[in-house]
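Structural overview for review
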Amino acid sequence: MEHKKIISIASDHAGTSLKLDIVSILKMEGHEIIDNGPFDENSVDYPDFAKTVTSDIKEKRCEFGILICGSGQGMAIAANKQAGIRAALCYNVEIAELSRAHNNCNVLTLGSRFIDRDIALKCISAFLNTPFEGGRHEDRINKIL
């Protein structure tokens, strides 16, 4: 049985619709969700939302973060500027699995304009349920801390 997680999530205006779907599904699966907004499609600045989610991780209010913007790239860049954060822009299940197994990523970013809902959900499942392999991968991660 999979371990239920505490997940912090946010988007920008381009990712709001996908984020709301994801929040609903993750809650139905029994995960605890910290929804940091936004809650409508009015224009917002993605770095503000990335900082909120990464703060939740750094302050140990959650295990993982999910960030969604139009391309996913802006959120990945903003999240990766924060100490202790390893964010991966994922667009298929294999990349999501590798980001956890090899890079021990703690934030998943998604591009709402480039990924459909079903693939996004499969990426999230893979990300949340793939363990970090450690070993040589841990040695490499320690070089970037």
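The structure this text deals with has already been given above.
Described in the following lines is the structure provided in the data block.

Take the overall build of the protein next. Per the secondary structure count, the protein includes 6 helices and 5 strands. Secondary structure elements of the protein, listed N to C terminal, follow the sequence β-α-β-α-β-α-β-α-β-α-α. Seen along its three principal axes, the alpha-carbon backbone of the protein occupies a region of about 45 × 35 × 30 Å. Looking at the protein residue by residue over its 145 residues, the buried ones come to 48%. Nonlocal contacts in the protein, meaning residues at least 24 apart in sequence, comprise 69% of its contacts between residues at least 6 apart. Of the roughly 7,500 Å² that the protein leaves accessible, carbon and sulfur atoms contribute 50%. Of the charged side chains in the protein, 17 are positive and 20 negative, and the gap between their average positions amounts to 6 Å.

With that settled, consider the sheet that holds strand E2 (residues 32-35). Reading across from one edge, E2-E1-E3-E5-E4 is the order of the 5 strands in this open sheet, with parallel pairing throughout. Each of the sheet's edge strands pairs with one partner strand only, and the pair in question is E2 and strand E4 (87-89). Each neighbouring strand pair of the sheet contributes to a mean axis angle of 20°, computed without reference to strand direction. Bridge count between E4 and strand E5 (residues 107-111): 3 bridges; the pairing is parallel. Each bridged residue has a counterpart across the sheet, and for Leu-89 the counterpart in E5 is Thr-109. Running over the sheet, helix H2 (residues 46-58) touches strand E1 (6-11), E2, strand E3 (64-69) and E5 and is turned about 170° from E3.

Tracing the chain through its elements places His-31 in the loop between helix H1 (16-28) and E2. A distance of 2.9 Å separates a polar side-chain atom of His-31 from the backbone nitrogen of Lys-5.

Under the definition given, this model contains 1 aromatic pair. Centre to centre, the rings of Phe-64 and Phe-127 are 5.6 Å apart; their planes meet at 70°, and the pair counts as edge-to-face. Residue Phe-64 is found in strand E3, and its partner Phe-127 is found in helix H5 (residues 117-129); the two are separated by 63 residues along the sequence. On the basis of relative accessible area, Phe-127 is assigned to the buried category, the value being 1%.

In this section: the pairing of E3. Most of E3 is tucked away, with 6 of its 6 residues classed as buried. Judged by which residues are buried, E3 turns out to be covered on both faces: Phe-64, Ile-66 and Ile-68 on one side and Gly-65, Leu-67 and Cys-69 on the other are all buried. Where E1 lies against E3, 5 bridges are found, and the strand directions are parallel. Paired with Ile-7 across the two strands is Phe-64, which belongs to E3. Judged from the 5 bridges that link them, E3 and E5 form a sheet pairing that is parallel. Each residue of the ladder has a partner; that of Ile-66, found in E5, is Leu-108.

Core analysis: the biggest nonpolar cluster contains 25 residues, and Ile-22, Leu-26, Ile-66, Leu-110 and Ile-124 have the highest contact counts within it. It is H5 that contributes the most residues to this core, 7 residues altogether. The residues contacting Leu-26, other than those within four sequence positions of it, are Ile-7, His-31, Ile-33, Ile-66, Ile-124 and Leu-128. Counting residues in each nonpolar core, the second largest holds 14 residues, with Ile-57, Leu-67, Cys-69 and Ala-79 among its members.

Conventions and cut-offs
Residues numbered from 1 in each chain as written. Predicted model: local features only at pLDDT ≥ 70, side-chain atom pairs only at ≥ 80, totals over all residues. Heavy atoms only, no water. Helix = DSSP H or I, 4+ residues; strand = E, 2+ residues; numbered from the N terminus. Buried < 20%, exposed > 50% of the residue type's maximum accessible area, 1.4 Å probe, protein only. Contact = heavy atoms within 4.5 Å. Areas by Shrake-Rupley, 256 points an atom, 1.4 Å probe, with all protein chains shown as cover. Lys, Arg positive; Asp, Glu negative; His and termini not counted. Charge placed at Lys NZ, Arg CZ, Asp CG, Glu CD. Pairing = 2+ DSSP bridges. Axes fitted to C-alpha atoms, helices over the stretch in contact; angles between N-to-C directions. Polar contact = N/O pair within 3.5 Å; in protein donor to acceptor, adjacent residues only side chain to side chain. Phe/Tyr/Trp six-rings, centres within 6.5 Å; stacked < 30°, edge-to-face > 60°. Core = buried A, V, L, I, M, F, W, Y, C linked by side-chain atoms within 4.5 Å.

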